Amino acid sequence: MKVLKFGGSSLADAARYLRVKDITLNVHQAAGASVVLSAPKGVTNMLAALCEQAEAGEDYAPLLQEMSEKLVGIANELSGALSDFDSEAIHTFIDTHLAQLEEHLQGIKMLHVCPDPIAAKIMSLGEYFSVNFFSAILSALGQKNAIIDPVDYVLAEGEYLDSIADLEISRSRFQDFSYDANTVLIMPGFVAANAAGEKVTLGRNGSDYSAAILAACLDAQACEIWTDVDGVYNADPNQVDGAVLLDKLTYQEAMELSYFGAKVLHPKTIGPIAQFSIPCLIKNTLNPEAPGTLISHEPSSQSKVKGISLLENMSMFNLSGPGMKGMVGMASRVFEVISNANISISLITQSSSEYSISFCVHGKDEERALAMLEDAFALELSNNFLEPIEVKKNLAIVTLVGDGMRHSKGLAAKFFSALAQARVNNVAIAQGSSERSISTVVENRKAKKAVKVIHENFFSNLHTIDAFVVGCGTVGAELLGQISKQQQSLLERHIRLRVYGIANSKKILLKSEGIDLQEDWESMLAEATESLSVAKLREFTQEHSLVNPVVIDCTTSEVIANTYIDFMTSGFHVVTPNKKANTNNMSFYNKLREVAQASNRQFLYETTVGAGLPVIDNLQKLIYAGDELIQFEGILSGSLSFIFGKLDDGMALSEATQIALENGYTEPDPRDDLSGMDIARKLLIMAREAGLDMELTDIEIDPILPEEFDVSGSVEDFMNNLKALDAVYDARLSQLRSESKVLRYVGSIKDGKCRVSLVEVDDSHPLYGIKDGENALAIHSHYYQPLPFVIRGYGAGAAVTAAGVFADVLRTMPWKHV
Ligand code: ADP
Ligand code: ASP
Ligand code: MG
């Protein structure tokens, strides 16, 4: 015979009750079935809320009405579905019990208190409705059945609302229990009786435990827990994408996982089934064909680490002070106080140097625990033998569980480095002496993120990048296009790159499930109402527990560049082709790097020099390897490389600039290029990278436009005025042509000085042939001499720049080698 338990999630409505009936009858025909039922979904919560409302003197009538409608609704539907359903008996049962409930509630409201024995009666009502519905269903189908009331058989001790069964006595009571094998036994879960015969409950979610008790009492061949998921996963499948179903767990593993928060199984369930070696199967009512998870003595070969659990809303107590020093029995006194208050402790750590003890209890027990401790240690506290008791609230415990962890090295290191990656602080840590679990105490608000990142590191080879793109001009839009095109193939390489936000200078579009880039995001952005701020994005990443957020600044804005420090301290990596941050003053430049280091975030800006060409990375590697920059020269601007190339061929300056502008090679305002400022910024970035301490104002610029040239007015005005310079450049270029020379706009670093200058070069010079948008950078260093290290390639346009930004974005995954 098997004991089958169906939880509230399997009993949400009439259709689910009928489904449960099908499963029960199938098992019953094959092996014989006894059934333990929870309350219909949500009913226990309603009963608890009714008690609270009555206790607070509030009007509970609307909620009572809602519950009554729910129960009557299920009964009516069942009666519609089954012709022989004894509707009258069920309605009488509902009416009588709801009338009794109302009487209790009136009393509670009057007295402003709900004593535990009354609460136990009220809270367990849902289970009694449930078993009566089910019995009526089976009877309507002619299936013999009998309801067992646990009050007559299951003896439990402890708190009225959180009792523990006495298995020996309960089993002996079942000795004389005889029933015919054709009968399906039906028992309400969650409820038992104490030695005085009063009704008690086994704690919230305790029907699983009832099933284990019944299985032990009836010597069942198996205990099956039917719920709303396919079995036990390595993390809560409703919280962690890609959680993996476990085929088998040992009793100990299941115990640790459930004790530390895996709600799928109540931790007390394991005791009875393990004691009597009863195999336990976790199955899905909504998908009965799935094999489920087997809990038994049999270990699984699936993986060393089985899963991650999460216990939220915990509080941590810390007791310390000179009184703790060497005082034998202090710890036992502390725990005795807590245990006498029937409060369960989830985790303990002790520091030997500071003579302190820390432990966690559930937040709901915090006040009571503190009062009990202060009372018990009043003398020590008043004599300063103990420091005032410290309580940290709003914490969570994240635990990694697995039998195979025992003899494995490096798992703890991996666990903590994953947390460090997600910038989650460990408030306290503990390892079970069985080495079957490692737990860390973290802030509640970071707990889900912690679970996600640990899951990512231990169980999935899927790595996530959570992108926010700021600025959707040429480079930003191109980048979004490239991401959209690559998302699927990255996923095939186990990288999930999602864009959660797109912002322009006015608004931000945010989507909790990520923005579908195939859709018309431009229109969605136009309709967005929120504006961009660090606080807004921080809130968003917290709310959605994003593990690896990256801000990609594709603007040229100084205002956005000034927010990088805030972004990094808020947990974002920053990737950008924007030169403004790196060319701000030296102290800001240094601060950016300090903050990146301190906050364990990446600040990546490869595309600020040479667009997509790998300049910064190579220069950094040389410097790390002990090289030193002796001299640098290069053509650093794709747009000017294009314009000067055209001058070689005899084109007028104004025409070459016009074509460059029309093709998008220049900045939207070509004065930014012709002023030499863009090159100066790139040069400054290179110089600082090479260790020079200098400011933008230290860079000498030979202007392309003479000083007296009028640069005022609109772009159109300027382009018209530019024609006035054509003759000057024409004359100079003709002269140069006759000498077989060309004009190049060159950035150089030499003897600690940076210069942007117009240089006349002949065909023996390496920059002679650099034109049509090409960039060339020659790095003369100690290692690279007499021939320089040359990086050369197309250095203009949105596509190569966006591709370079894309590459930086992928570099934000330090634990993944791409
Ligand atoms: P029931 O009403 O059947 O007792 P519960 O809601 O108590 O169901 O438990 C099932 C839920 O447990 C699942 O829906 C899931 O969200 C949660 N859960 C938490 N951790 C795990 C885990 N490791 N594996 C499976 N489910 C889990
Ligand atoms: N109905 C009870 C509860 O919701 C017991 C259970 O479902 O396991 O806590
Ligand atoms: Mg449950």
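Bear in mind that the values here come from a model prediction, so they are computed numbers and not experimental data. (Residues numbered from 1 in each chain as written. Chains lettered and ligands numbered in written order. Predicted model: local features only at pLDDT ≥ 70, side-chain atom pairs only at ≥ 80, totals over all residues. Heavy atoms only, no water.)

Visitor: Whenever I open this one, the overall build of the protein chain confuses me. Can you help?
Guide: Counting its regular elements, the protein chain contains 29 helices and 30 strands. In summary, the protein chain has a C-alpha radius of gyration of 36 Å against a globular reference of 28 Å for 818 residues, an excess of more than 25%. The principal-axis extent of the C-alpha atoms belonging to the protein chain is close to 120 × 70 × 55 Å. Counting over 818 residues, the protein chain shows a buried share of 55%. Considering only contacts in the protein chain between residues 6 or more positions apart, those separated by 24 or more positions represent 72%. For the protein chain, the computed accessible surface area is about 35,000 Å², with 49% contributed by carbon and sulfur atoms. Side chains of the protein chain give 68 positive and 105 negative charges; the mean places of these two sets differ by 4 Å. (Helix = DSSP H or I, 4+ residues; strand = E, 2+ residues; numbered from the N terminus. Rg over C-alpha atoms; globule rule 2.2 N^0.38 Å. Buried < 20%, exposed > 50% of the residue type's maximum accessible area, 1.4 Å probe, protein only. Contact = heavy atoms within 4.5 Å. Areas by Shrake-Rupley, 256 points an atom, 1.4 Å probe, with all protein chains shown as cover. Lys, Arg positive; Asp, Glu negative; His and termini not counted. Charge placed at Lys NZ, Arg CZ, Asp CG, Glu CD.)

Visitor: What is the right way to look at the environment of serine 210 in this model?
Guide: Along the polypeptide, serine 210 turns up in helix H9 (residues 207-217). As a C-alpha pair, serine 210 and proline 272 span 62 residues in sequence and 9.7 Å in three-dimensional space. The contacts of serine 210, once residues within four sequence positions are left out, are Val36, Met187, Gly189, Phe190, Val191 and Leu202.

Visitor: Before we go on, may I ask you to explain the sheet that holds strand S21 (residues 508-510) in this structure?
Guide: Note: strands within a sheet are paired through backbone hydrogen bonds, in either parallel or antiparallel orientation. Taken in spatial order, the six strands line up as S21-S20-S19-S22-S23-S24 in an open sheet, and their pairing is mixed. Looking at the sheet topology across the chains shown, the edges are occupied by S21 and strand S24 (603-604). (Pairing = 2+ DSSP bridges.)

Visitor: Looking at this structure, I do not really get the site of ligand 2. What am I missing?
Guide: Residues in contact with ligand 2, as listed here, are Ser38, Thr44, Glu127, Phe190, Arg204, Asn205, Gly206 and Ser207. Taking serine 38, its side chain carries an N or O atom lying 3.0 Å from an oxygen atom of ligand 2. Between ligand 2 and asparagine 205 there is a distance of 2.7 Å, counted from an oxygen atom to a backbone nitrogen or oxygen. In isolation ligand 2 exposes 260 Å². Once the protein is present, 88% of that is buried. Here the shell around ligand 2 is built from residues that sort into one nonpolar, five polar and two charged. (Near = heavy atom within 4 Å. Polar contact = N/O pair within 3.5 Å; in protein donor to acceptor, adjacent residues only side chain to side chain. Nonpolar A, V, L, I, M, F, W, Y, C, P; charged D, E, K, R; others polar.)

Visitor: What am I meant to see in the sheet that holds strand S28 (residues 753-762) here?
Guide: The six strands are arranged S26-S28-S27-S25-S29-S30 in an open sheet whose pairing can be described as mixed. What marks the edges here is a single partner per strand, and that holds for strand S26 (700-701) and strand S30 (789-794). Two strands pair when backbone bridges link them, and strand S29 (residues 774-781) and S30 are joined in this way by six bridges, in the antiparallel orientation. Bridge assignment links isoleucine 779 to a residue of S30, and that residue is phenylalanine 789. The strands that helix H27 (residues 677-689) touches are strand S25 (629-635), S26, strand S27 (741-750), S28 and S29; relative to S27, the one it contacts most, it runs at about 40°. (Axes fitted to C-alpha atoms, helices over the stretch in contact; angles between N-to-C directions.)

Visitor: Is there a simple way to explain helix H6 (residues 125-140) in this structure?
Guide: Think of an α-helix as 3.6 residues a turn; residues three or four steps apart then line up on the same face. Between its first and last C-alpha, H6 extends 23 Å over 16 residues, near the 22 Å set by a 1.5 Å rise per residue. H6 sits mainly inside the fold: 15 of its 16 residues count as buried. The first or second residue beyond H6 is glycine 142, which carries a positive phi of 80°. (Expected span 1.5 Å × (residues − 1).)

Visitor: I'm lost on the packing of helix H1 (residues 14-31) against H6 in this one. Help?
Guide: Packed helix pairs are specified by the crossing angle of their axes together with the interaxial distance, meaning the distance between the axes. The geometry of H1 relative to H6 is characterised by a closest axis approach of 10 Å and an angle of 65° between their N-to-C directions. Note on packing geometry: the crossing formed by H1 with H6 is right-handed. Residue-level inspection shows Tyr17, Leu18, Val20, Lys21, Thr24 and Leu25 of H1 in contact with H6, the latter providing Ser130, Phe133, Phe134, Ile137 and Leu138. The residue inventory of the contact of H1 with H6, partitioned by class, reads eight nonpolar, two polar and one charged. (Left-handed = near helix turned anticlockwise from the far one by under 90°.)

Visitor: It is not clear to me how a nonpolar patch on the surface should be interpreted in this structure. Could you clarify?
Guide: Where nonpolar side chains cluster on the molecular surface, the patch consists of Met110, Leu111 and Val113 and spans about 350 Å² of accessible area. Relative to the helices and strands, leucine 111 resides in helix H4 (residues 87-111). You can call leucine 111 exposed: its relative accessible area is 62%. (Patch = residues over 30% accessible without salt bridge, like charges linked within 9 Å, V, L, I, M, F, W, Y side chains within 5 Å. Salt bridge = Lys/Arg side-chain N within 4 Å of Asp/Glu carboxyl O.)

Visitor: Please explain empty space enclosed by the protein as it appears in this structure.
Guide: In this approach a probe as big as a water molecule rolls over the atoms, and the regions it shows empty are the leftover space. Applying the stated rule across the entire model yields three cavities of 30 Å³ or more. Of the pockets and cavities examined, the largest cavity occupies roughly 50 Å³. Lining the largest cavity are Val232, Leu249, Ala254, Leu257, Ser258, Ala262, Val264, Leu265 and Ile295. For the lining of the largest cavity, the leading source of residues is helix H10 (residues 251-259), giving three residues. Taken together, the residues that form the lining of the largest cavity break down as eight nonpolar, one polar and no charged. (1 Å grid on protein atoms, 1.4 Å probe; cavity = no way out; pocket = protein on both sides within 12 Å on 5 of 7 lines; lining within 4 Å. Points joined across faces, edges and corners; volume = space filled by probe spheres on them.)

Visitor: Quick question: what am I supposed to make of the site of ligand 1 here?
Guide: Ser9, Thr227, Asp228, Asp236 and Asn238 are the nearest of the 18 residues found near ligand 1. Measuring from an oxygen atom of ligand 1, one finds a side-chain N or O atom of asparagine 205 at 3.2 Å. Within the complex, the protein chains bury 91% of what would otherwise be the 570 Å² of accessible surface of ligand 1. Taken together, the residues of the shell around ligand 1 sort by class into seven nonpolar, seven polar and four charged.

Visitor: Got a minute to help me understand the nonpolar core in this structure?
Guide: Grouped burial of nonpolar side chains is what soluble globular proteins tend to show. In this structure, Phe468, Phe603, Phe632, Leu722, Tyr729 and Leu777 are the most contacted members of the largest nonpolar core, which totals 75 residues. If we skip the residues at most four places from it in the chain, tyrosine 729 touches Leu647, Leu653, Ile704, Leu743 and Leu758. In this structure, Leu18, Ile90, Leu101 and Val151 belong to the second largest nonpolar core, which totals 56 residues. (Core = buried A, V, L, I, M, F, W, Y, C linked by side-chain atoms within 4.5 Å.)

Visitor: Please clarify how unusual backbone geometry should be interpreted in this entry.
Guide: The phi angle of most residues is negative, glycine excepted, and most peptide bonds adopt the trans form. A cis geometry characterises the amide bond from glutamine 785 onward to proline 786, with omega recorded as 5°. For proline 786, the position within the fold is in the loop between S29 and S30. With a phi angle near 50°, serine 277 is a residue other than glycine that sits in the positive phi range. You can see serine 277 is positioned in the loop between helix H11 (270-275) and strand S11 (280-284).

Visitor: How should I be thinking about a negative patch on the surface in this particular structure?
Guide: Together, Asp516, Glu519, Asp520, Glu522 and Glu527 line one region of the surface with negative charge. Assignment of secondary structure puts glutamate 519 in the loop between S21 and helix H18 (521-527). On the basis of relative accessible area, glutamate 519 is assigned to the partly exposed category, the value being 43%.

Visitor: So what exactly am I meant to see when it comes to the environment of lysine 248 here?
Guide: Here lysine 248 is to be found in strand S10 (residues 248-250). Linking lysine 248 and proline 299, residues 51 residues apart in sequence, is a C-alpha distance of 6.8 Å. With near-sequence residues (within four places) excluded, lysine 248 lies in contact with Thr293, Leu294, Glu298, Pro299, Ser300, Gln302 and Lys306. Among the polar contacts made by the side chain of lysine 248, one reaches the side chain of glutamate 298 at a distance of 2.8 Å.

Visitor: Help me out: how do you make sense of the state of the cysteines in this one?
Guide: By definition, a disulfide is the covalent link that joins the sulfur atoms of two cysteine residues. For the structure on display, the rule yields zero disulfides. Note on cysteine 217: no disulfide assigned, nearest cysteine sulfur contributed by cysteine 223 at a separation of 12 Å. (Disulfide = S-S within 2.5 Å.)

Visitor: Sorry if this is basic, but what is going on with the layout of surface pockets here?
Guide: If you add up the space inside the second largest pocket, you get close to 1,000 Å³. Residue lining of the second largest pocket: 37 residues in total, with Val475, Thr556, Lys579, Glu667 and Pro668 positioned closest to the centre. Of all elements in the fold, only helix H17 (474-492), helix H24 (638-648), helix H26 (671-674), H27 and helix H29 (798-810) reach the threshold of two or more residues within the lining of the second largest pocket. Here the lining of the second largest pocket takes four residues from H27, the largest share from any one element.

Visitor: Could you clarify how one ought to interpret the side chain of aspartate 678 in this entry?
Guide: Relative to the helices and strands, aspartate 678 is located in helix H27. Residue classification places aspartate 678 among the buried residues on the basis of a relative accessible area of 10%. Reaching out from aspartate 678, the side chain makes a polar contact with the side chain of lysine 682 at a distance of 3.1 Å. The residues touching aspartate 678, leaving out its near neighbours within four places in the chain, are Lys579, Ser637, Asp672 and Asp673.

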